[in-house]
Amino acid sequence: MPTAEKTLDEILTLAAAHFKVPREKLSPDDDFFKTLGIDSLQALDLLTKLENHFRVELPDYELQGVTDFRTLAGKIQIRL
Amino acid sequence: MLDLRQYTCLAAALRDALDRFSKEVCLVEAERDREKLRLTYSDFKEVALPLARALEDADFDPNDRAAIIMTNQSKWLISAYAIFFCGGVLVPLDYKLTAAEHLQLLAHSKAKILVVEYHLWRAIMADPGFQNIGTKIVLVTEAPLGTDLAGAFRWEDFKRKGAPDFVMRQKDDVACIVYSSGTGGRPKGCVLTHENYLEQCRSLTAWYPFWPGVRYLSILPTNHAIDFMVGFIGPFVCGACVVHLRTLRPEFVRDAFVRYPNDSEESGARPACQVRRASVVEAGPAEFDDRCKSVTDSSTPQHQAQPYAAA
């Protein structure tokens, strides 16, 4: 099982690649809606990509109110 | 469809629909690409009436109020029917509100009963205002066995044998109290009568008729006035089918449109356990544009449509 830090780092890298944003511009506590300039449907798109990468399924309700990478990483980490 | 002019309340119309279309499928529920549930009108009745009886036995009386806080799913509609069957007033609350807001609206509406999904109940229990909750009976859906629900009951266990007494309501009796979102100030409870809904339903079905075999994909929250009518009352009084997806990820919503049932030769899946193509959906303009784009954009990797697994 990867460490929480590694999971978080992978999420940041995947998000940067998916939305074509320089990786160094993303920080764990960033609001990904603001930093990536995305809407809720694009966030769901990212989520699907992350689920496929980590091979987990996150129910929609688990993500209600989640806006930063660190919290998102925590939700994924407990399912790994 | 039923002739709604002959009814004085929603429960009476729904009750007749359950009998008239008994063999038709009324609800399909899918979790991503896995079908979880399929109910005929007859099945729906079999699930709803024991709940109505349990509500009656719990002293839920005509005109008492019952709130529902749930995402779009079969238990929302089943609970609503049971509440109407007992002559109750339904208070559909927005599941996207915060726990504190839920508690405020529960207090304001004076709901005697609350039907709520487990994850939402967890949030409500964790709110500081939970200690003052005045709701007498709480039914929690999908709660893991053995979980401490702080005195609430598991929805799945809350049923009683024996036929419940049907409570007929009149046209000007209150059917629902629907709270506005509060974008223009404080949320306001809009009091709607059975006549309001019956007339609205007649108008809807005159313009957009449903019939047995039509499948309606329910996306807007069911507490929302539109989905309540277009994704529940309208299809039901016409014998149509409502499809609930437990996720609103674009790729799965898209699949619900394009997916046709495969015949039973594949993996032995029974045709009766496959989601058939959704025919009707309601959505806001931006959402609709996005869904269309995701279907037509050839650069979007196409999610591989597979037959829904048997429930």
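Each remark here, short or long, concerns the structure printed above.
Note that the structure is a prediction, hence the values are computed from the model and not measured.

Caption draft 1: Layout of the pairing of strand β1 (residues 25–31) of chain B. Residue and element names in this part refer to chain B. The buried fraction of β1 amounts to six of the seven residues, a majority that puts the element mostly inside the structure. Summarising the sheet, β1 and strand β2 (residues 34–40) pair through six bridges and their orientation is antiparallel. The residue of β2 that forms the bridge with V28 is R38. Counting the residues in the hairpin turn of β1 and β2 gives two residues, including R32, whose phi is positive at 55°. As defined by bridge partners, β1 adjoins strand β11 (residues 241–245) across four bridges and the pair is classed as parallel.

Caption draft 2: Representation of helix α3 (residues 40–54) of chain A in the model. Counted at 1.5 Å a residue, the expected span for α3(A) with its 15 residues is 21 Å, and the 21 Å between its end C-alpha atoms agrees. Phi turns positive one or two residues past the end of α3(A), at R55(A), with a value near 60°.

Caption draft 3: Summary view of the packing of helix α1 (residues 10–20) of chain B against helix α3 (residues 74–85) of chain B. All names here are of chain B. Running from amino to carboxyl end, α1 crosses α3 at an angle of 120°, the nearest separation of the two axes being 9 Å. Accordingly, the angle class assigned to the pair α1 and α3 is oblique. Judged by the twist between their axes, the crossing of α1 over α3 is left-handed. For the pair formed by α1 and α3, the contact residues are L10, A11 and L14 on the first element and Y81, F84 and F85 on the second. Classifying every residue of the contact of α1 with α3 gives six nonpolar, no polar and no charged.

Caption draft 4: Quick peek at the environment of P128(B). Checked against the element boundaries, P128(B) lands in the loop between α5 (118–126) and β6 (137–141). Through-space distance from the C-alpha of P128(B) to that of A100(B) is 8.1 Å; in sequence the pair is 28 residues apart.

Rules and cut-offs
Residues numbered from 1 in each chain as written. Chains lettered and ligands numbered in written order. Predicted model: local features only at pLDDT ≥ 70, side-chain atom pairs only at ≥ 80, totals over all residues. Buried ≥ 20, exposed ≤ 12 C-beta atoms within 10 Å, placed from the backbone. Helix = DSSP H or I, 4+ residues; strand = E, 2+ residues; numbered from the N terminus. Pairing = 2+ DSSP bridges. Expected span 1.5 Å × (residues − 1). Axes fitted to C-alpha atoms, helices over the stretch in contact; angles between N-to-C directions. Parallel < 35°, antiparallel > 145°, perpendicular 65-115°, else oblique. Left-handed = near helix turned anticlockwise from the far one by under 90°. Contact = placed C-beta atoms within 7 Å. Nonpolar A, V, L, I, M, F, W, Y, C, P; charged D, E, K, R; others polar.

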